[in-house]
Amino acid sequence: MCTQEAFQTQRSQLVGLLVSGSLEGFESILDWLLSWEVLSWEDYEGLSLLGQPLSYLARRLLDTVWNKGTWGCEQLVAAVREAQTDCQALELSSCWDPHSPHPARDLQSHRPAIVRRLYSHVEDVLNLAWEQGFISQYERDEIRLPIFTSSQRARRLLDLATVKANGLAAFLLRHVQELPVPLAMPSEDAACKKYMSKLRTTISSQSRFLSTYDGAENLCLEEIYTENVLEIRTEMGLARSPQKSPATLSLEELFSTCGHLNEDADTVLVVGEAGSGKSTLLQRMHLLWASGRDFQEFLFVFPFSCRQLQCVAKPLSVQMLLFEHCCWPDFGQQEVFQFLLDHPNRVLLTFDGFDEFRFRFSDHERHCSPTDPTSVQNLLFNLLQGNLLKNARKVLTSRPDAVSALLRKYLRLEINLKGFSEEGIELYLRKCHREPGVADRLIRLLKTTSALHGLCHLPVVSWMVSKCHQELLLHGGGSPKTSTDMYLLILQHFLLHASPPDSVPHSLGSRLLRGRLPTLLHLGRLALWGLGMCCYVFSAKQLQAAHIDDEDISLGFLVHAKSVGPGSTTPLEFLHITFQCFFAALYLVLSTDVSPSLLRQLFICHGPRSSLLARLLPTTCVPRSEHKEGSLAALLQEAEPHNLQITAAFLAGLLSREHRGLLAECQANEEALLRLQGRAQGCLSRSLHQHFRSIPPAVPGEAKSMHAMPGFLWLIRSLYEMQEERLAREAVRGLTVGHLKLTFCGVGPPECAALAFVLRHLRRPVALQLDHNSVGDIGVEQLLPCLSVCKALYLVGNDIGSVGARALALMLEKNVALEELCLEENHLQDEGVCSLAKGLERNSSLKVLKLSNNCITYLGAEGLLQALEKNDTILEVWLRGNTLSLEEMERLSQRDTRLLL
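Residues numbered from 1 in each chain as written. Predicted model: local features only at pLDDT ≥ 70, side-chain atom pairs only at ≥ 80, totals over all residues. Heavy atoms only, no water.

## A short note on the overall build of the protein
In terms of helices and strands, the protein carries 46 helices and 19 strands. Within the protein, buried positions represent 58% of all 901 residues. Working note: accessible area of the protein is about 37,200 Å², and carbon and sulfur atoms make up 52% of it. (Helix = DSSP H or I, 4+ residues; strand = E, 2+ residues; numbered from the N terminus. Buried < 20%, exposed > 50% of the residue type's maximum accessible area, 1.4 Å probe, protein only. Areas by Shrake-Rupley, 256 points an atom, 1.4 Å probe, with all protein chains shown as cover.)

## Notes on the confidence of the model for the protein
With 89% of its residues at a pLDDT of at least 70, the protein reaches an overall mean of 85. Across residues 183-188, confidence stays below pLDDT 50; counting only partners more than four residues off in sequence or on other chains, it has 15 contacts. Low confidence marks residues 605-625, where pLDDT is under 50. Its contacts with residues over four positions away, or in another chain, come to 51 contacts. (pLDDT = per-residue confidence, 0-100. Contact = heavy atoms within 4.5 Å.)

## Here we look at helix 43 (residues 802-814)
With 13 residues, helix 43 extends 19 Å between its outermost C-alpha atoms, agreeing within 8% with the 18 Å of an ideal straight helix rising 1.5 Å per residue. Looking at helix 43, one finds that the buried residues are Ser802, Gly804, Ala805, Ala807, Leu808, Ala809, Met811 and Leu812. Among the structural elements, helix 42 (776-783), strand 15 (790-794), strand 16 (820-822) and helix 44 (829-840) are those in contact with the buried residues of helix 43. (Expected span 1.5 Å × (residues − 1).)

## Observations concerning the nonpolar core
Looking at soluble globular proteins, one finds that nonpolar side chains tend to be buried together. Judged by nonpolar contacts, the single largest core of 239 residues is most densely connected at Phe300, Phe302, Leu491, Phe583, Phe603 and Leu851. Looking at this core, the element that brings in the most residues is helix 32 (residues 577-590), giving 12 residues. Those residues in contact with Phe302 that sit more than four places away from it in its chain are Tyr195, Leu199, Leu322, Cys326, Leu340, Val347, Leu348, Leu349 and Thr350. (Core = buried A, V, L, I, M, F, W, Y, C linked by side-chain atoms within 4.5 Å.)

## Side note on the pairing of strand 8 (residues 393-398)
For strand 8, a buried count of six out of six residues is recorded, marking the element as mostly surrounded by other parts of the structure. Taking every second residue as pointing to the same face, both faces of strand 8 are buried, with Arg393, Val395 and Thr397 on one and Lys394, Leu396 and Ser398 on the other. Alignment of strand 5 (residues 267-271) against strand 8, held across five bridges, turns out to be parallel. Looking at the pairing, Val268 lines up with Val395 of strand 8. In the sheet, strand 7 (residues 347-352) pairs with strand 8 via four bridges, with the strands oriented parallel. Each residue of the ladder has a partner; that of Phe351, found in strand 8, is Leu396. Crossover strand 7 to strand 8 through helix 20 (residues 376-385) is right-handed. (Pairing = 2+ DSSP bridges. Right-handed = clockwise from strand over helix to strand, strands pointing away.)

## Overview of the sheet that holds strand 14 (residues 766-769)
If you trace the eight strands from one edge of the open sheet to the other, you get 12-13-14-15-16-17-18-19, paired in parallel fashion. Because the sheet does not close on itself, it has two edges, and the strands there are strand 12 (705-707) and strand 19 (899-900). Looking at chain direction, strand 16 and strand 17 (residues 848-850) are connected through three bridges and run parallel. Counted as the bridge partner of Glu820 is Val848 from strand 17.

## Some words on the pattern of salt bridges
Overall, the coordinates contain 37 salt bridges when judged by the stated rule. Its salt-bridge partner being Arg360, residue Glu640 comes within 2.5 Å of it at the nearest N-O pair. With Glu640 in the loop between helix 35 (632-638) and helix 36 (641-654) and Arg360 in the loop between strand 7 and helix 20, the pair connects residues that are 280 residues apart, well separated along the chain. Among the residues examined, Glu640 registers a relative accessible area of 9% and is labelled buried. (Salt bridge = Lys/Arg side-chain N within 4 Å of Asp/Glu carboxyl O.)

## Some remarks on the side chain of Glu139
Looking at the element boundaries, Glu139 is found in helix 11 (residues 137-143). Classification of Glu139 as buried rests on a relative accessible area of 19%. Discounting chain neighbours no more than four positions away, the residues touching Glu139 are Leu160 and Lys164.

## Things to note about the packing of aromatic side chains
With the rule as written, the count across this model stands at 32 aromatic pairs. Both rings, one in Phe357 and one in Phe381, keep their centres 6.3 Å apart while their planes meet at 80°; by these two values the pair is edge-to-face. Within this pair, whereas Phe357 is found in the loop between strand 7 and helix 20, its partner Phe381 is found in helix 20, the two being separated by 24 residues in sequence. With a relative accessible area of 0%, Phe357 lands in the buried category. In this structure an aromatic cluster arises from ring pairing among Trp463, Tyr487, Phe494, Trp529, Phe538, Phe557, Phe574, Phe579, Phe582, Phe583 and Phe650. In this structure, Lys850 packs its charged tip against the face of Trp878, placed 4.2 Å from the ring centre. Here the basic side chain of Arg880 rests over the ring of Trp878, its NZ or CZ set 5.1 Å away from the ring centre. (Phe/Tyr/Trp six-rings, centres within 6.5 Å; stacked < 30°, edge-to-face > 60°. Lys NZ or Arg CZ within 6 Å of the ring centre and 35° of its normal.)

## Overview of the pairing of strand 7
Among the six residues that make up strand 7, six are buried, leaving the element largely enclosed by the rest of the structure. Burial of the side chains of strand 7 extends over both faces: Val347, Leu349 and Phe351 are buried on one face and Leu348, Thr350 and Asp352 on the other. Of the pairings in the sheet, the one linking strand 6 (residues 300-305) to strand 7 comprises six bridges and is parallel in character. Each residue of the ladder has a partner; that of Ser305, found in strand 7, is Asp352.

## With respect to the packing of helix 3 (residues 23-35) against helix 9 (residues 111-118)
Axis angle and axis distance: for two packed helices, these are the angle between their axes and the distance between the axes, and together they describe the pair. Interaxial distance between helix 3 and helix 9 falls to 8 Å at its minimum, and their mutual angle equals 135°. Relative to helix 9, helix 3 is oriented oblique. Contacts between helix 3 and helix 9 involve Asp31, Trp32, Leu34 and Ser35 from the former and Arg111, Pro112 and Val115 from the latter. Across the contact of helix 3 with helix 9, the residue classes tally to four nonpolar, one polar and two charged. (Axes fitted to C-alpha atoms, helices over the stretch in contact; angles between N-to-C directions. Parallel < 35°, antiparallel > 145°, perpendicular 65-115°, else oblique. Nonpolar A, V, L, I, M, F, W, Y, C, P; charged D, E, K, R; others polar.)

## Overview of unusual backbone geometry
Its identity as a non-glycine residue notwithstanding, His772 has a phi of 55°, on the positive side. Assignment of secondary structure puts His772 in the loop between strand 14 and helix 42. Its identity is not glycine, yet Asn853 carries a phi of approximately 55°, on the positive side. Mapped onto the elements of the fold, Asn853 is located in the loop between strand 17 and helix 45 (858-868). Among the residues examined, Asn853 registers a relative accessible area of 11% and is labelled buried.

## Digging into the sheet that holds strand 6
Judged by pairing direction, the sheet is mixed, and its seven strands sit side by side in the order 4-3-9-5-8-7-6 without closing on themselves. Two strands close off the open sheet at either side, each with one partner strand: strand 4 (248-249) and strand 6. Most of the contacts of helix 20 go to strand 8, to which it runs at about 120°, and overall it touches strand 5, strand 7 and strand 8.

## A closer look at the environment of Gly532
Locating Gly532 in the fold gives a position in helix 29 (residues 517-532). Along the backbone, Gly532 and Ser631 are 99 residues apart, and their C-alpha atoms lie at a distance of 9.9 Å.

## Some words on the packing of helix 36 against helix 39 (residues 712-722)
Axis separation between helix 36 and helix 39 bottoms out at 7 Å; the angle between their running directions is 25°. Classified by the angle between their axes, helix 36 and helix 39 sit roughly parallel to one another. As helix 36 packs across helix 39, the resulting crossing turns out to be right-handed. Counted together, Gln645, Ala648, Ala649, Ala652 and Gly653 of helix 36 and Trp714, Ser718, Glu721 and Met722 of helix 39 form the full contact between these two elements. Per-class residue counts for the contact of helix 36 with helix 39 are five nonpolar, three polar and one charged. (Left-handed = near helix turned anticlockwise from the far one by under 90°.)

Here it is as structure tokens:
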């Protein structure tokens, strides 16, 4: 029995059940309820409104059924069960009198079976009904609109028969009875089965080997894949459970029902910075599906690359996109495509690298026909909105900068890909190096070089560390601190391995670079041209125009891309977008064609309230008409801002004092290099000063506060890459903010190192707020140099554990500035809290310590009490939401009232 009370208490679960499938499933439930006369015709019309969100219709159905009493509630549960079963017995047991005196009534009472019988023949029946005068041409064309599936067309025809009194109902009742009973479910049709098998085989072969970072060797994805940290993004400002930081999930939970931004949307967005592993994550998803291990709710998976799609110039339809640019059915193309249209909920489409798509998302031009061609960008945009293949799941990957508020309106879920955890870094290196001792030595090296360890949370850097393990461990690779250090090291690694054994000494240095200078300039010019043209896949003709020859390709930085269309030659691409940006920066440094004034266009901050776009694009500095087409200035003008950010940071690193000697020996004019360096330093300094001057004045009586604005972290990272202490000191001279807020900004260990490098030169104490980022234990270690000028440090959800707590405890023993430390919503546990307690015993400045929601037990609280006995400076210690019983909380509060429980 399903009582009304039980029905009401389970309402949220019922809504989730009704919207978890597709519109087709919901309409099947309505078919059963109509046939049992649970719903009146008026009820049904109110639940069949076009354009209404499925969640709205589901709640309206629950209200309608609840008003009909316990019987109605029971019938709904039965209808859900019948719709989910969709069994063969439906066809065999359903029969009706084709000459019934009440044809409209019989059409309704046998509606589920009639819809199934009409499914494969609706076009023929529509044409016959039109030829015999039962429906008009307008009615026929309206039912045949491409936005409707075959099942929906069948239902609309039955709906029309209910209201027309011209014999249409009797005609349908007779004619449908004569239609052949389907002997198999549609998913078992020969063409569909054959196509599913071909699709699985194709995707399995494409996904089995990891080609994202390295084209020189085949890395088996199964052997090397390491889980990344996936975190569900919630809207800023929305209330969340005080005991929970943003929820994490595994790849297999990508389509789980929690954390939806929009229940009626179909698109899941995975965002992550360049090198965080987005492409590899999709490749893993494809392999899990193709091998039958997961995501088996989808019968068809279609993977696409946005960087390749934007190379397609001709208009595309949905059918052309799926078949011509993914996998072509050997036979039965129309039958297969019709099945995809009729069962979109069994289809998954993935689009990798939306940030590399040169067009910005727009919902102005609506396109609803799956058979009519349109531009590739309009096709993609309408797929994401659900105007095409509604209820098909779409997974989109992108860097954060390319995601607009307009796009977020059409997202079901947004997930942050945060790269490797500390455990993930170690696991990955052990998978890469199974030889005895190699992985252990690399891991020890990372743990003793905190800056390099912080960079390795990006899988692309972990891969570089793995590739350069011999240089790092044996050949004097040094201890890379910056991203530029690491990319220069991998460059020299490739140069060493591409050179004949006896042609160069096995050491790193300028001689190695100088010997391949023409190749570096060729690759750099191609990289810069590609960034300016938003081109990341290069044809043979483009390579020839850039003077790229086989020797340049043999170096290994250009790898084969998937073909963008049938019959085309395989194009090449840089093995990662960050390498394309690095080579573009290298060209700007080494080419004799580059003048110092060009760097001004890369770094300039034009005006006190200019945006990041104004800093990066030279349109704010020099009118477009003054740039000759194809010139370096014109290329920089057209490049995507997030790619210019990476390029500018690499440029700053290459112009650092540490690398100046290395690069100076590669070109004749050392003075030109010094001029470039001076101009870059001046531009960076001015940009930061203008950024700080744009901060609004403080409210009277309050400290001046600065919220992170676009470009701030990029400027700080660029300054860190340059490693100029004097420049960092000058950059913050005169900065008078009392509160620096960087919440939800994607701050990880590299950003922490950059912040510490700059902020430690502040002359006045500052409150640093870094809640809900990815600081982690390594990031805490990176922040230590600047904590002597912090009066407050907020870290409410940063994955900090006992290692980070030990680092903070050592800091507390010496720190005399920090007055408030917030570590809520981490996982310190008792071990971390006991470490902090030891640090508190010697601290004389901290007044507030917030440790809520950290899985602390009575043992950890006891350690804090012992520290408080020796510390009379602390005023409050927050311990809410930890693992303490009511009795334990009562006992603790009686022992020291400073414990807030």
